[in-house]
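# Coordinates in review
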Amino acid sequence: MFERDRPVTRAFVLHPDLKSDRHRRDADPALEEAVSLAAALPDLNVVGAEIVRLPKLHPGMLFGKGKIAELKVRIKDEAAELVLIDGHVTPVQQRNLEKEWGVKLLDRTGLILEIFSDRARTAEGVLQVEMAALSYQRTRLVRAWTHLERQRGGLGFVGGAGETQNEADRRAIDLQLQSLKAQLAKVVKTRALHRAARAKVPYPIVALVGYTNAGKSTLFNRLTGADVFAKDMLFATLDPTMRQIDLPHGDKIIMSDTVGFISDLPTELVAAFRATLEEVLDADLIVHVRDISHPQSTEQSEDVMAILTALGVSDTAPLLEVWNKVDRLPDEARAGVMTQSARTDDVFATSAITGEGLDALLAAITEKTRDPRTTETLTLGFDAGRERAWLFDAGVVTSEEQTEDGTRLEVFWTALQKERFSRLPE
Ligand SMILES: Nc1nc2c(ncn2[C@@H]2O[C@H](COP(=O)(O)OP(=O)(O)OP(=O)(O)O)[C@@H](O)[C@H]2O)c(=O)[nH]1
Ligand SMILES: [Mg+2]
């Protein structure tokens, strides 16, 4: 089947490079990432992209007069209908620029929300994105771009683009947010039940996290034999997936693939996705997948770690780092990366495409998730049939012998299994 042709919107991408910004990013890679973000929306066609150097912010219009006139010509020449600003734009600036340029305008948070809205497939994902979009609109009190409306007919409670909302609109948003929250709570409860069910299967959970496009889904597919959507596209994955893996020595783990992170991830999204990301917080082991071939690999890693901290993951949580995409490195850089990773504890160089380094990674995952086991001898009375059955079910019995006092069993088990056994009801 061919996908139905969607109308294509011509988009112009601007990265404001503000001199006074304390968190100022390198302008060239930042613009490149902004273009990739725009390309992550299927119905956008990027017709132009520019860095706009800003010695200072202009509160009303964001840019200076001369720059605005200059950009107007460029935007007109390309017949752009939408301008994407890779940064924060206030509602007033949005209104003024839209009027001046005769276009729709979306800032970075708005764009990321659009992408998430496009990707959401599960009930939980859809609810979370909708909540994030509403919270965003509430703080802005102007309407965001209309993509969300076109797709699902929702969210349209005010007139034209950039119009101010009144109190009634704000109350309407609050009501809608409350109702979404209640719906989400239900979905999350079901999810918690599933998790509880899974907890009975005592396999450790290993969560893949990392910057968007680092190769998490590709690695996940390779390790689990799954067929999760993996693509050279930002935010290919939104909804989490879990699969069981049988490790080389018979151990089993559950691996989860999750949504990727990005620098300046909108706080609305982090908050809304907390439920989904709780899986990460809950994991027995976090595997941080990095694209080591990316020029901004270090910055990306710092952003990911900051977001994990913001989510409440403690910096002592068990974590492995995967330096992925080594196959893309030129020889010299590759040699450096191999030496450095071999020298660093808990760092593994891999290629999810060629399979290089995956055996060592799996061995490390096995070791990190395997609880130490000890041997012990137990003597059970003849009436302890249930206890004996429990031990055999758990697969911890290594030998059995009948004695005068009862059954003598040798067991090889983890502290957790021992503790569970001691709590069996009389
Ligand atoms: N050359 C090379 N490409 C890779 C490797 N791993 C992943 N890729 C490519 O990188 C792109 C992104 O891969 P994904 O697995 O979708 O990345 P992700 O981390 O799941 O991305 P999001 O879901 O967007 O967060 C795809 O085009 C993959 O084919 C690797 O080891 N080497
Ligand atoms: Mg993915």
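Since the model is a prediction, treat every value here as computed from it, not as a measurement.

## Brief notes about the pattern of salt bridges
Taken as a whole and judged by the stated rule, the model has 17 salt bridges. For Lys67, the salt bridge identified is with Glu70, shortest N-O distance 3.2 Å. Highlighted residues: Lys67 and Glu70, both in helix 2 (residues 65–77), separated by 3 residues, approximately one helical turn. We classify Lys67 as partly exposed; its relative accessible area is 25%. Here the residues in one salt-bridge network are Arg25, Glu33, Asp86 and Arg108, joined through shared partners.

## Topic: the site of ligand 1
In the vicinity of ligand 1 there are 23 residues, among which Lys216, Thr218, Ala236, Thr237 and Asp327 approach most closely. Asn213 is positioned such that a nitrogen or oxygen atom in its backbone is 2.9 Å from an oxygen atom of ligand 1. The separation between an oxygen atom of ligand 1 and a polar side-chain atom of Lys325 is 3.0 Å. Protein contacts shield 90% of the accessible area of ligand 1, which totals 660 Å² for the unbound molecule. Ranked by residue count, the leading element in the shell around ligand 1 is helix 8 (residues 216–224), at 3 residues. Taken together, the residues of the shell around ligand 1 break down into 8 nonpolar, 9 polar and 6 charged.

## Concerning the sheet that holds strand 7 (residues 252–257)
Read across the sheet, 6 strands follow the order 6-7-5-8-9-10 without closing on themselves; strand pairing throughout is mixed. The open sheet is flanked by strand 6 (241–246) and strand 10 (347–349), the only strands paired with a single partner. Here the strands of the sheet are splayed against their neighbours by 25° on average, with no regard to which way each runs. Pairing of strand 6 with strand 7 involves 6 bridges; the strand directions are antiparallel. Within strand 7, the position partnered with Arg243 by the bridge is Met255.

## Quick notes on the environment of Val8
Position of Val8 among the secondary structure elements: in the segment before strand 1 (9–18). Distance in space between the C-alpha atoms of Val8 and Val46 is 10.0 Å, their sequence separation being 38 residues. Ignoring sequence-local partners within four residues, the contact set of Val8 consists of Asp43, Leu44, Asn45 and Glu81.

## Some words on the packing of aromatic side chains
Geometrically, a pair of aromatic rings is defined through the distance of the ring centres and the angle of the planes. Taken as a whole and assessed by the stated rule, the structure comprises 3 aromatic pairs. When the centroid spacing of 5.6 Å and the interplanar angle of 50° are considered together, the rings of Trp390 and Phe421 count as tilted. Placement of the pair is Trp390 in helix 14 (residues 385–394) and Phe421 in helix 15 (residues 415–422), with a sequence separation of 31 residues. Residue classification places Phe421 among the buried residues on the basis of a relative accessible area of 14%. A ring pair is formed by Trp413 and Phe421, whose centres lie 5.7 Å apart and whose planes are at 55°; its orientation type is tilted. Feature note: the residues Trp390, Trp413 and Phe421 constitute an aromatic cluster, connected by ring pairs.

## Digging into helix 1 (residues 27–39)
Look at helix 1: 18 Å from first C-alpha to last across 13 residues, which is about the 18 Å you get at 1.5 Å a residue. Taken residue by residue, helix 1 has Ala27, Ala30, Leu31, Glu33, Ala34, Leu37 and Ala38 as its buried positions. Buried residues along helix 1 cover an arc of 160° about the axis, so they all sit on one side. Within helix 1, the exposed residues directed more than 90 degrees away from the buried face are Asp28 and Glu32.

## Some words on the UniProt feature "binding site: Mg(2+)" (unreviewed entry) in the chain
Sites flagged by UniProt as "binding site: Mg(2+)" (unreviewed entry) map to Ser217 and Thr237. Sequence-wise these annotated residues cover 21 residues; spatially they are packed, their C-alpha atoms never more than 7.6 Å apart. With respect to the helices and strands, Ser217 occurs in helix 8. Given a relative accessible area of 8%, Ser217 falls into the buried group. Other than its neighbours up to four places away in sequence, Ser217 contacts Val228, Phe229, Ala230, Thr237 and Asp257. Tracing the backbone shows Thr237 in the loop between helix 8 and strand 6. Since its relative accessible area comes to 10%, Thr237 is described here as buried.

## A word on the nonpolar core
In globular proteins that are soluble, nonpolar side chains generally tend to be buried together. In this structure, Leu37, Leu84, Phe116, Phe235, Phe261, Ile262 and Phe273 are the most contacted members of the largest nonpolar core, which totals 50 residues. Mapped onto the domain boundaries, this core takes at least three residues apiece from domain 1 (1–188) and domain 2 (191–369). Counting residues in each nonpolar core, the second largest holds 24 residues, with Phe220, Ala226, Ile245 and Val287 among its members.

What counts and what doesn't
Residues numbered from 1 in each chain as written. Chains lettered and ligands numbered in written order. Predicted model: local features only at pLDDT ≥ 70, side-chain atom pairs only at ≥ 80, totals over all residues. Heavy atoms only, no water. Salt bridge = Lys/Arg side-chain N within 4 Å of Asp/Glu carboxyl O. Helix = DSSP H or I, 4+ residues; strand = E, 2+ residues; numbered from the N terminus. Buried < 20%, exposed > 50% of the residue type's maximum accessible area, 1.4 Å probe, protein only. Near = heavy atom within 4 Å. Polar contact = N/O pair within 3.5 Å; in protein donor to acceptor, adjacent residues only side chain to side chain. Areas by Shrake-Rupley, 256 points an atom, 1.4 Å probe, with all protein chains shown as cover. Nonpolar A, V, L, I, M, F, W, Y, C, P; charged D, E, K, R; others polar. Pairing = 2+ DSSP bridges. Axes fitted to C-alpha atoms, helices over the stretch in contact; angles between N-to-C directions. Contact = heavy atoms within 4.5 Å. Phe/Tyr/Trp six-rings, centres within 6.5 Å; stacked < 30°, edge-to-face > 60°. Expected span 1.5 Å × (residues − 1). Arc of directions from axis to C-beta. UniProt positions renumbered as here; feature names shortened; annotations may be inferred. Core = buried A, V, L, I, M, F, W, Y, C linked by side-chain atoms within 4.5 Å. Domains from an automatic or database assignment.

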